[in-house]
Amino acid sequence: MDIEKIISEMTVEEKASLCSGESYWFTQSIDRFGIRALMFSDGPNGLRKQDLSQSEFFNKSIVSVCYPTGSCVAASFDRNLIKMMGKAMGSHAYDEGISLLLAPAMNIKRTPICGRNFEYYSEDSFLTGELAAAFVDGVQSQGVGACPKHFVANNQEFRRQTYNAQIDERTLREVYLAPFETVVKKSSPQAIMTSYNRVNSFYCSENKKILNDITRGEWGFEGLFISDWGGTNDRPAGLLAGLDIEMPSSNGVNDKRIVEAYNNGIISDEALNATVRRVLNFIEKSDNDLGEESLWTFERQHDLAVEISSKSSVLLKNDNDVLPLNSKQKVLFIGEYALNPRIQGGGSAFVNSYKITNALESSKKYNDVYYAKAYLSEEDFSPELLDEALDLASICDVSVVFIGLSENCESEGYDRQNISLPDCQNDLIYQVAEASKKTVVVLHNGSPVEMPWLDEVDSVLEVYLGGQGVGEATADILFGRINPSGKLAETFPKRLEDNPTQLFFSNSGDNVEYREGIFVGYKYYDKKHMDVLFPFGHGLSYTEFEYSNLKIEHSDKGRFKVKVSVDIENIGKMDGEEIVQLYVSAFNSDVVRPVKELKGFEKVFLFQGQKKKVEFVLGKRAFSYYDEFKNDFYLEGGKYKIIVAKSSADVALGDVLFIKGEEKIKKYSVDTTFAEIQKDENAKEIFAPFIEASKHTILNSDISEERKNAITEDMLVSMIGDMPLRGIFSFTDTGLDYDDLFELIDKANNESNKWLY
Ligand code: BGC
């Protein structure tokens, strides 16, 4: 395609038409230039290609494999596995003629009640970015574009099309933009979907700072920005801000507005052509991209869905090694989900599953399990069914209760009101636990729930919304063929009210203030020393791992790099996989920082008795915070602790290192404090005489000896340290005036090479 020639021959109307969809799933075609319509399709947990034999709008999609949803796969902490899932979905999409898969969904879980949390990966931006990049790599290796969404700060469903996320710059950069930055830099997605909401007053689809300045300008994004479906406001402003395609079609309404804006000189040739060029480049790439050859079948993809589910389920509790079960025990399964598991959430991610396996059938190869339906909702309640379940429970060795959130609790379009399970399910667990010798709970839910009955049961297995293979995976884990290896990618708080956003979560109005700032998820609970139900990164195994020999290498010379290695040994009684987590903790920072932040993770498989070295390489960014004065990430010098941990609350090893840091550019002013000046080797001498003079004044003032003696050197230092430089006039007659002070400050600025902005 000769793109420049086409652009030069196109009318303004044709150009404007390319800036929106032709219909619900297709881009605009223009026959006279041979420009074909490309098809887009949803796909966070399976291909949801609309069945074109039906109407295009909200109808049944074609049959496809339903993979575990985002919160589940994230618990695998497994880049390779997620890449395989992306590859599998990409190859199916490719064969179906799809050019862009609308995935991954990668918003940060700011609150546990966001209705779409089941689609999203994590509360942690590092983990989210790494996993999303792996998924994008997988999809794009198959000749299909990936489209991470929803960009950005789409962290609730309530008023999702209009709310205004008010976020300070540091939080925006460190928490909400960071995962998208990783994806752009690591895996160059072909497109990014803008979200419905506003960020700091501007709709994301017309937020020039975020689209053009940061994503394209700073990160080098070369792909397309497409809107979420119906997520545009002022279309010409969107085009100028960097939005390329509005989806779906606006039936010509917005195309006309673009033409008008062009005719009025608001949109320049250059801006319109740049957009059209990006759209045409995308179409050309899609025409030429052949991807890798892949011989996928539904059955093979089903097996992958089972594998992902089994590597993502999280063993939350396992007292006295009640799990795994064995073939000799009398085992009872209770609950509808043992037969008909909940496998996915509602809304645009909903997949028409190829097949669904259940735990009861899948367990037959291990044990002749008994079954009682009992009840899951008030509507099903029948005293006979409950009695039958409890009678069986009393004669079996172990009861396994399958419970979870019902389908109407978790969906696109609305948030949850609380994090409780239905009362009747909590009651059922209490009653089964009372009647049984041992009780295991299997949870099907897309986001955290409270567990008031936790002390009454022996084991809890979180299988999340585990996709169509969840039944097989659950049976394999329960009976020990698979050793569970998932760890939570989100905190399970004790109560919803413990989450900091609850203070500001408004049920009315569009203004949503992100006042908790950078303290999202474990970063908040850590800082508050708050007890949680299960911490971020928690997950048990049937075996045990020992950590030793932590080594940290860092030199000031050459390229910045910190190498960390640690030995992990499987000292338990089964082969298994361990997720090793690396956190960085800053000592004595100049700004408020989290107690620790995840900056590395690796999943390793170890045979029983095997030991392996796990290595991490950390760059500058792992130690930096976003400095609003510098308008960039800043590598602060000082002491840091490297923590290697089994979970955010279970530290295995740690050691301290010193980082030299970058020079800081900051101009001294009359508001600079004496303490700040004193940290500056080059400038501190200039003000030293005034500090001494102030000390002298305080110590020689007309107060009793007793009070003078009570003033320690530390007290003096902090009293004077917090005083601004203009304070030199207040307590001592230095004979100076403001001109003299400005001269001294200029001198300090000239001589300083530390504080330089
Ligand atoms: C959702 C997107 C989805 C799109 C197309 C929107 O409602 O927010 O995630 O990709 O619909 O189905």
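Report follows, based on the coordinates. Everything numeric here is computed off the predicted structure, so don't read it as measured data.

**Here's the deal with the overall build of the protein**
When helices and strands are counted, the protein shows 22 helices and 26 strands. Over its C-alpha trace the protein gives a radius of gyration of 29 Å, about what one expects of a compact globule, namely 27 Å for 757 residues. For the protein, the spread of C-alpha atoms along the three principal axes comes to 95 × 75 × 50 Å. Looking at the protein residue by residue over its 757 residues, the buried ones come to 60%. Residue pairs in contact within the protein that sit at least 24 positions apart in sequence constitute 76% of those at least 6 positions apart. Looking at the protein as shown, the accessible area adds up to about 30,100 Å², and 47% of this sits on carbon and sulfur atoms.

**Considerations on a negative patch on the surface**
Side chains of E384, D387, E388 and D391 sit close together on the surface and give a patch of like negative charge. Position of E388 relative to the elements: it lies in helix α13 (residues 383-395).

**Focus on the pairing of strand β24 (residues 632-635)**
Alignment of strand β23 (residues 624-627) against β24, held across 4 bridges, turns out to be antiparallel. Within β24, the residue paired with Y625 across the bridge is Y634. Linkage of β23 to β24, two consecutive antiparallel strands, is achieved through a turn of 4 residues, within which N631 is found at a positive phi near 60 degrees.

**Brief notes about the sheet that holds strand β10 (residues 314-318)**
Overall, mixed pairing links the 6 strands, which are arranged β10-β16-β15-β14-β11-β13 in an open sheet. The outermost strands of the open sheet, each flanked by one partner alone, are β10 and β13 (370-372). Sheet twist, expressed as the average angle between the axes of neighbouring strands with direction ignored, equals 20 degrees. Strand contacts of helix α14 (residues 423-435): β11 (331-334), β14 (398-404) and β15 (438-444), with the helix running at about 175 degrees to β14, the strand carrying the most contacts.

**Focus on the sheet that holds strand β19 (residues 562-570)**
One key point about sheets: their strands pair by backbone hydrogen bonds, in either a parallel or an antiparallel sense. Spatially, the 3 strands line up as an open sheet ordered β18-β19-β22, and their pairing is antiparallel. Strand pairing shows two members of the sheet lacking a second neighbour, β18 (545-554) and β22 (611-618), which therefore form its edges. Across the sheet, the mean angle from the axis of one strand to that of its neighbour is 20 degrees, orientation sign disregarded. Sheet topology places β18 next to β19; 8 bridges connect them, and they run antiparallel. Its bridge partner being in β19, E553 is matched across the sheet by K563.

**A closer look at the environment of F534**
Following the sequence through the fold, F534 ends up in the loop between α16 (522-527) and β18. When the C-alpha atoms of F534 and F492 are compared, they prove to be 5.0 Å apart, with 42 residues separating the residues in sequence. The contacts of F534, once residues within four sequence positions are left out, are L316, M451, L454, L488, T491 and F492.

**Here we look at the packing of α13 against α14**
Following both chains from N to C, one finds α13 and α14 inclined at 35 degrees, their axes separated by 8 Å at the closest point. The chirality of how α13 crosses α14 is right-handed. Across from L386, L390, A393 and S394 in α13, the residues of α14 making contact are L428, Q431, V432 and A435. When its residues are assigned to classes, the contact of α13 with α14 shows 6 nonpolar, 2 polar and no charged.

**So, the packing of aromatic side chains**
With the rule as written, the count across this model stands at 27 aromatic pairs. Cation over ring: R110 sits above Y514, and NZ or CZ is 3.9 Å from the ring centre. In this arrangement the basic side chain of K596 is found over the ring face of Y583, its NZ or CZ atom lying 5.6 Å from the centre.

**A short note on the side chain of K317**
Relative to the assigned elements, K317 resides in strand β10. Among residues more than four places away in sequence, those in contact with K317 are L454, D455, V457, D458, S459, V460 and L540.

**A few points about the site of the ligand**
Near the ligand lie 14 residues; those nearest to it are D42, R116, H150, D228 and E412. Measuring from an oxygen atom of the ligand, one finds a side-chain N or O atom of D42 at 2.5 Å. Within the contact set of the ligand, an oxygen atom lies 3.3 Å away from a side-chain nitrogen or oxygen of R160. Protein burial of the ligand: of its 310 Å² of free accessible surface, 95% is covered by the chains. Along the lines of polarity and charge, the residues of the shell around the ligand split into 5 nonpolar, 2 polar and 7 charged.

**Points about the packing of helix α18 (residues 684-699) against helix α20 (residues 713-721)**
Across the interface, α18 lies against α20 with an axial gap of 11 Å and an inter-helix angle of 120 degrees. In terms of orientation, α18 and α20 fall into the oblique class. For the element pair α18 and α20, the recorded crossing hand is right-handed. Taken together, the residues of α20 that come into contact with α18 (itself represented by I691, S694, K695, I698 and L699) are E713, L716 and I720. Split by residue class, the contact of α18 with α20 holds 5 nonpolar, 1 polar and 2 charged.

**So, the pairing of strand β3 (residues 98-102)**
When you tally the buried positions in β3, you get 5 out of 5 residues, the bulk of the element. Pairing analysis gives 4 bridges linking strand β1 (residues 39-42) to β3, with the strands arranged parallel. Following the sheet pairing, S41 is matched in β3 by L101. As paired strands, β3 and strand β4 (residues 145-146) are joined by 2 bridges and run parallel to one another. Residue pairing across strands places L101 opposite A146, the latter belonging to β4.

**Remarks on helix α6 (residues 169-187)**
By the largest-angle criterion, L177 marks the main kink of α6, which is about 60 degrees, and a proline, P179, follows within four residues. Of all 19 residues that make up α6, 16 are buried, and the element is covered over most of its length. The N-capping residue of α6, defined by a side-chain oxygen 3.2 Å from the backbone nitrogen of R170, is D168. One or two positions beyond α6, positive phi appears at S188, with a value near 40 degrees.

**Re helix α11 (residues 298-312)**
An ideal rise of 1.5 Å per residue puts 21 Å on 15 residues; α11 measures up with 21 Å between its terminal C-alpha atoms. Structurally, α11 contributes buried residues whose contacts are with α3 (70-74), α4 (79-95), β10 and α15 (470-478).

**Focus on the nonpolar core**
Formed by 102 residues in total, the largest nonpolar core has its most connected members in F151, I226 and W229. Here the element with the most residues in this core is helix α5 (residues 125-140); it accounts for 8 residues. When residues no more than four places from it in sequence are discounted, the contact partners of I226 are F40, L100, L102, C147, I192, M193, T194, L243 and I245. In terms of nonpolar packing, the next biggest core, distinct from the first, is built from 67 residues, C66, A338, V463 and M574 among them.

**Let's talk about the state of the cysteines**
On inspection of all chains with the given rule, the structure shows 0 disulfides. Free cysteine: C147, not disulfide-bonded; nearest cysteine sulfur from C204 at 14 Å. Left unpaired, C424 is separated from the closest cysteine sulfur, that of C409, by 10 Å. Residue classification places C424 among the buried residues on the basis of a relative accessible area of 4%.

**Brief notes about the pattern of salt bridges**
Following the criterion strictly, the structure yields 55 salt bridges and no others. Taking the shortest distance from any N to any O, the salt bridge between D287 and R36 comes out at 2.5 Å. Taken together, the residues span a long stretch of sequence, with D287 in helix α10 (residues 269-288) and R36 in the loop between α2 (12-18) and β1 at a distance of 251 residues. Several salt bridges share partner residues, and in doing so they unite R116, E119, E157, R160 and E412 into one network.

Reading guide: rules and limits
Residues numbered from 1 in each chain as written. Predicted model: local features only at pLDDT ≥ 70, side-chain atom pairs only at ≥ 80, totals over all residues. Heavy atoms only, no water. Helix = DSSP H or I, 4+ residues; strand = E, 2+ residues; numbered from the N terminus. Rg over C-alpha atoms; globule rule 2.2 N^0.38 Å. Buried < 20%, exposed > 50% of the residue type's maximum accessible area, 1.4 Å probe, protein only. Contact = heavy atoms within 4.5 Å. Areas by Shrake-Rupley, 256 points an atom, 1.4 Å probe, with all protein chains shown as cover. Patch = residues over 30% accessible without salt bridge, like charges linked within 9 Å, V, L, I, M, F, W, Y side chains within 5 Å. Salt bridge = Lys/Arg side-chain N within 4 Å of Asp/Glu carboxyl O. Lys, Arg positive; Asp, Glu negative; His and termini not counted. Charge placed at Lys NZ, Arg CZ, Asp CG, Glu CD. Pairing = 2+ DSSP bridges. Axes fitted to C-alpha atoms, helices over the stretch in contact; angles between N-to-C directions. Left-handed = near helix turned anticlockwise from the far one by under 90°. Nonpolar A, V, L, I, M, F, W, Y, C, P; charged D, E, K, R; others polar. Phe/Tyr/Trp six-rings, centres within 6.5 Å; stacked < 30°, edge-to-face > 60°. Lys NZ or Arg CZ within 6 Å of the ring centre and 35° of its normal. Near = heavy atom within 4 Å. Polar contact = N/O pair within 3.5 Å; in protein donor to acceptor, adjacent residues only side chain to side chain. Parallel < 35°, antiparallel > 145°, perpendicular 65-115°, else oblique. Bend = angle between axes of the 7 residues up to and from the residue. Expected span 1.5 Å × (residues − 1). Core = buried A, V, L, I, M, F, W, Y, C linked by side-chain atoms within 4.5 Å. Disulfide = S-S within 2.5 Å.

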